[in-house]
Amino acid sequence: VAIVRHGQASFGSADYDALSAVGQGQSALVGAELARRGLREPEVVAGTLRRQQHTASLLMAAAGYAGPCATDKRWDEFDHLAQLHRFIAPERIEPGLADSRVFQRLLDEALEAWTRDGGWSAFTADALAALQDVVERLPKGRDAVVVSSGGVLGALVAGLIGAPPATGIALNRVAVNGAISLVPVGGSGANLLSFNDHAHFAGTGRALLTYR
């Protein structure tokens, strides 16, 4: 299973969930990379968020995948604004909406608080269950591509390797837009092979490398 983080969304704009122009370019480039890898008649699944759905459609077009793209809400990102407003004082949030570095610090603080009330554990369980469903539905001899988000990837990877929530939060922090993580599934179940592979953004693609 190849799990792709969606292309860059529109941080700081009125509609965060829309892909930016850079995000659209990233999505096409990751599609070309998946085509180069020669996946076996991949089934494609995405979360319900617009940035995930748009990424999936662009990468499918670039890769030449016929579709359709299945949808599963469990691949959706957590609501970052809801978590901020739940755990961070309002007067601290406003500066973070204009400065991505301040925003990241506040988000990490909110997510750490979320882990203490069990929310992160439930989020991780949903991600692991969604992966299991993809695997169980997948015909033998075929691959899958999932389009999701950084927080889901962080939680999923930490869950697969038995790491604590703090690890998942740290992985979310460094997730690259359009990066590919690989989870092969065999007799021993699902195992992490690679996380956050973004070699397709090296060289001429370097201008498309973003983290938020």
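In what follows, the structure referred to is the one given above.
Residues numbered from 1 in each chain as written. Predicted model: local features only at pLDDT ≥ 70, side-chain atom pairs only at ≥ 80, totals over all residues. Heavy atoms only, no water.

Q: Help me understand unusual backbone geometry, please; the structure alone is not making it clear to me.
A: Backbone phi values are negative for most residues with the exception of glycine, while trans is the configuration of most peptide bonds. Along the chain, Gly67 connects to Pro68 via a cis peptide bond; the corresponding omega equals 5°. Here Pro68 lies in the loop between helix H2 (50-63) and strand S3 (69-71). Positive phi, normally seen in glycine, also occurs at Asn196, with a value near 70°. As for its placement among the helices and strands, Asn196 is situated in strand S8 (residues 194-197). (Helix = DSSP H or I, 4+ residues; strand = E, 2+ residues; numbered from the N terminus.)

Q: Honestly, the side chain of Gln83 in this entry has me stumped. Any pointers?
A: Here Gln83 shows up in helix H3 (residues 80-87). Ignoring sequence-local partners within four residues, the contact set of Gln83 consists of Phe78, Ala110 and Trp114. (Contact = heavy atoms within 4.5 Å.)

Q: Sorry if this is basic, but what is going on with the pairing of strand S4 (residues 144-148) here?
A: Along any regular strand the residues' side chains alternate between the sheet's two faces. Judged by how many residues are buried, S4 sits mostly within the fold: 5 of 5 residues are covered. Both faces of S4 are covered, namely the face carrying Ala144, Val146 and Ser148 and the face carrying Val145 and Val147. With 4 bridges joining them, strand S1 (residues 2-5) and S4 adopt parallel strand pairing. Across the sheet, residue Val4 finds its bridge partner in S4, namely Val147. (Buried < 20%, exposed > 50% of the residue type's maximum accessible area, 1.4 Å probe, protein only. Pairing = 2+ DSSP bridges.)

Q: Quick question: what am I supposed to make of the packing of helix H1 (residues 21-37) against H2 here?
A: A pair of packed helices is characterised by two quantities: the angle between their axes and the separation of those axes. Where H1 meets H2, the closest approach of the two axes is 7 Å, and the angle between their N-to-C directions is 45°. Classed by the angle they form, the pair H1 and H2 counts as oblique. Both H1 and H2 take part in a crossing whose hand is right-handed. Seen from H1, the contacting residues are Gln24, Ser27, Ala28, Val30, Gly31, Ala32, Leu34 and Ala35; seen from H2, they are His54, Thr55, Leu58, Leu59, Ala62 and Ala63. The class makeup of the residues in the contact of H1 with H2 is 9 nonpolar, 5 polar and no charged. (Axes fitted to C-alpha atoms, helices over the stretch in contact; angles between N-to-C directions. Parallel < 35°, antiparallel > 145°, perpendicular 65-115°, else oblique. Left-handed = near helix turned anticlockwise from the far one by under 90°. Nonpolar A, V, L, I, M, F, W, Y, C, P; charged D, E, K, R; others polar.)

Q: How should I be thinking about the pattern of salt bridges in this particular structure?
A: Two side chains bearing opposite charge may form a pair once their charged atoms approach each other closely. Applying the stated criterion across every chain yields a total of 12 salt bridges. A salt bridge links Glu43 to Arg142; the nearest nitrogen and oxygen atoms lie 3.6 Å apart. Of this pair, Glu43 sits in strand S2 (residues 43-46) while Arg142 sits in the loop between helix H6 (119-137) and S4; the two residues are 99 residues apart in sequence, bridging distant segments of the chain. The class of Arg142 is partly exposed, set by a relative accessible area of 26%. (Salt bridge = Lys/Arg side-chain N within 4 Å of Asp/Glu carboxyl O.)

Q: Quick question: what am I supposed to make of H6 here?
A: An α-helical segment advances 3.6 residues per turn. Residues three or four places apart therefore align on the same side. For H6, built from 19 residues, the straight-helix expectation of 27 Å at 1.5 Å per residue is met to within 8% by its first-to-last C-alpha distance of 27 Å. Within H6 the residues assigned to the buried category are Gly119, Trp120, Phe123, Thr124, Ala127, Ala130, Leu131 and Val134. Within H6, the buried residues cover an arc of 140° as seen down the axis, which keeps them to one side. Among the structural elements, S2, helix H5 (100-116), S4, helix H7 (150-161), helix H8 (165-174) and strand S7 (189-190) are those in contact with the buried residues of H6. (Expected span 1.5 Å × (residues − 1). Arc of directions from axis to C-beta.)

Q: What is the right way to look at the sheet that holds S3 in this model?
A: Within a sheet, adjacent strands bond to each other through the backbone by hydrogen bonds, running parallel or antiparallel. With mixed pairing, 6 strands are arranged side by side in an open sheet as S3-S2-S4-S1-S5-S8. Each edge of the open sheet is held by one strand with a lone partner, namely S3 and S8. Strand-to-strand, the axes of this sheet are offset by a mean angle of 20°, without reference to chain direction. The pairing of S2 with S3 spans 3 bridges and is classified as parallel. Bridge pairing in S3 links Ala46 to Thr71. H1 contacts S1, S4, strand S5 (180-182) and S8 of the sheet and is inclined by roughly 35° relative to S5. Strands S1, S4, S5 and S8 of the sheet are contacted by H7, whose axis makes an angle of about 140° with S1.

Q: Explanation requested: H3 in the structure shown.
A: Inspection of H3 places His80, Gln83 and Leu84 among the buried residues, and these make up the whole buried set. Take H3 and look down its axis: the buried residues cluster within an arc of 100°, on one side only. Set apart from the buried face of H3 by more than 90 degrees, the exposed residues are His85 and Arg86. As for H3, its buried residues are in contact with helix H4 (90-96) and H5. Looking at where H3 begins, the residue whose side-chain oxygen comes 3.2 Å from the main-chain nitrogen of Leu81 is Asp79. (Polar contact = N/O pair within 3.5 Å; in protein donor to acceptor, adjacent residues only side chain to side chain.)

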